[in-house]
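Architecture at a glance
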Amino acid sequence: IRDDLVTGVQTCALPISNLFSYASICNTIAADSPHDEENSSISAESAATLKASLTKLFEEEHLYLEPKLRLADLALQLGTNRTYLSQYFNQCLSVTFYEFVNNYRLAHAERLLRTTDYTLEVVAHTSGFNSLSTFRRAFMAKYTCSPQAYRAQTTP
């Protein structure tokens with residue numbers, strides 16, 4: 001939240017678009033690298049396959065709404081190991097697993113705040129967060145305001 005020095009009104013950093021996608025795949029990763037668990041690079045082909053599978057699980061099946069989702073669970077569903085998947089998130093998407101999941105959760109929560117009158121507890125739970133405090137902290141970090149302030153700015 002920033003205070004406008006003239007009016008004293010608090011404002012949020014509102015998103016430019018409600019839709020986002022992790023469409024960029026890293027181009028600098030070596031192709032045809034071994035896929036051992038300890039020391040591997042991700043080929044462009046493997047990155048494309050992981051991207052397609054993640055898109056299906058997150059944008060079509062809304063896996064991010066599962067509050068107990070873990071990297072190991074996701075790796076199992078994708079038929080890979082957690083080390084390799086973590087490396088994909090870090091190298092190709094430049095985010096951690098939790099940042100990736102929370103970006104989807106926050107986009108979902110943001111839509112709920114704009115379109116419903118659900119309590120913050122319901123918004124947090126429905127968006128896949130384990131607790132209201134975790135939701136508030138993540139929301140503040142991304143939107144630079146509280147969920148309450150965001151709702152007040154975006155509802156007529």
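Cut-offs and rules
- Residues numbered from 1 in each chain as written.
- Predicted model: local features only at pLDDT ≥ 70, side-chain atom pairs only at ≥ 80, totals over all residues.
- Heavy atoms only, no water.
- Core = buried A, V, L, I, M, F, W, Y, C linked by side-chain atoms within 4.5 Å.
- Buried < 20%, exposed > 50% of the residue type's maximum accessible area, 1.4 Å probe, protein only.
- Helix = DSSP H or I, 4+ residues; strand = E, 2+ residues; numbered from the N terminus.
- Contact = heavy atoms within 4.5 Å.
- pLDDT = per-residue confidence, 0-100.
- Axes fitted to C-alpha atoms, helices over the stretch in contact; angles between N-to-C directions.
- Left-handed = near helix turned anticlockwise from the far one by under 90°.
- Nonpolar A, V, L, I, M, F, W, Y, C, P; charged D, E, K, R; others polar.
- Salt bridge = Lys/Arg side-chain N within 4 Å of Asp/Glu carboxyl O.

Judged by nonpolar contacts, the single largest core of 24 residues is most densely connected at Leu54, Phe58, Leu74, Leu85, Tyr88, Phe89 and Phe100. Sorting the residues of this core by element identifies α1 (44-60), α2 (71-78), α3 (82-93) and α4 (97-115) as the ones contributing at least two each. Considering every element that reaches this core, the biggest residue donor is α3, with six residues. Setting aside anything within four residues of it in sequence, one finds Phe89 in contact with Leu54, Leu71, Leu74, Ser94, Val95, Thr96, Phe97 and Phe100. Of all hydrophobic cores here, the second largest spans 15 residues; its members include Leu112, Leu113, Ala124 and Phe129.

Another point: the confidence of the model for the chain. On average, residues of the chain score 80 in pLDDT, and 74% of them are at 70 or above. For the chain, the element scoring lowest by mean pLDDT is strand β1 (residues 2-3), at 38; helix α5 (residues 120-126) scores highest, at 98. Every residue in residues 13-39 scores below 50 in pLDDT, and together they form 49 contacts with partners more than four places removed in sequence or on other chains.

Packing of α1 against α4 leaves a shortest axis separation of 11 Å and a crossing angle of 35°. Note on packing geometry: the crossing formed by α1 with α4 is right-handed. Residues Leu54, Phe58 and Glu59 of α1 form the contact with α4, whose own contacting residues are Phe100, Val101 and Tyr104. For the contact of α1 with α4, a count of residues per class yields five nonpolar, no polar and one charged.

This part is about the environment of Leu132. With respect to the helices and strands, the residue Leu132 is situated in helix α6 (residues 132-143). Judged by its relative accessible area of 19%, Leu132 falls in the buried class. Along the primary structure Leu132 and Glu121 are separated by eleven residues, whereas in three dimensions their C-alpha atoms are 5.8 Å apart.

Under the defined criterion, the tally for this structure stands at three salt bridges. As a salt-bridge pair, Arg70 and Asp73 come within 3.1 Å of each other at their nearest N and O atoms. Owing to a relative accessible area of 46%, Arg70 belongs among the partly exposed residues under this scheme. Under the relative-accessibility criterion, Asp73 is labelled partly exposed at 29%. When the shortest N-O distance is used, the salt bridge between Arg114 and Glu110 registers 2.6 Å. Here Glu110 and Arg114 lie together in helix α4, a separation of four residues that amounts to about one turn. By relative accessible area, Arg114 is classed as partly exposed at 27%. Residue Glu110 is classed as buried on the basis of its relative accessible area, which comes to 1%.

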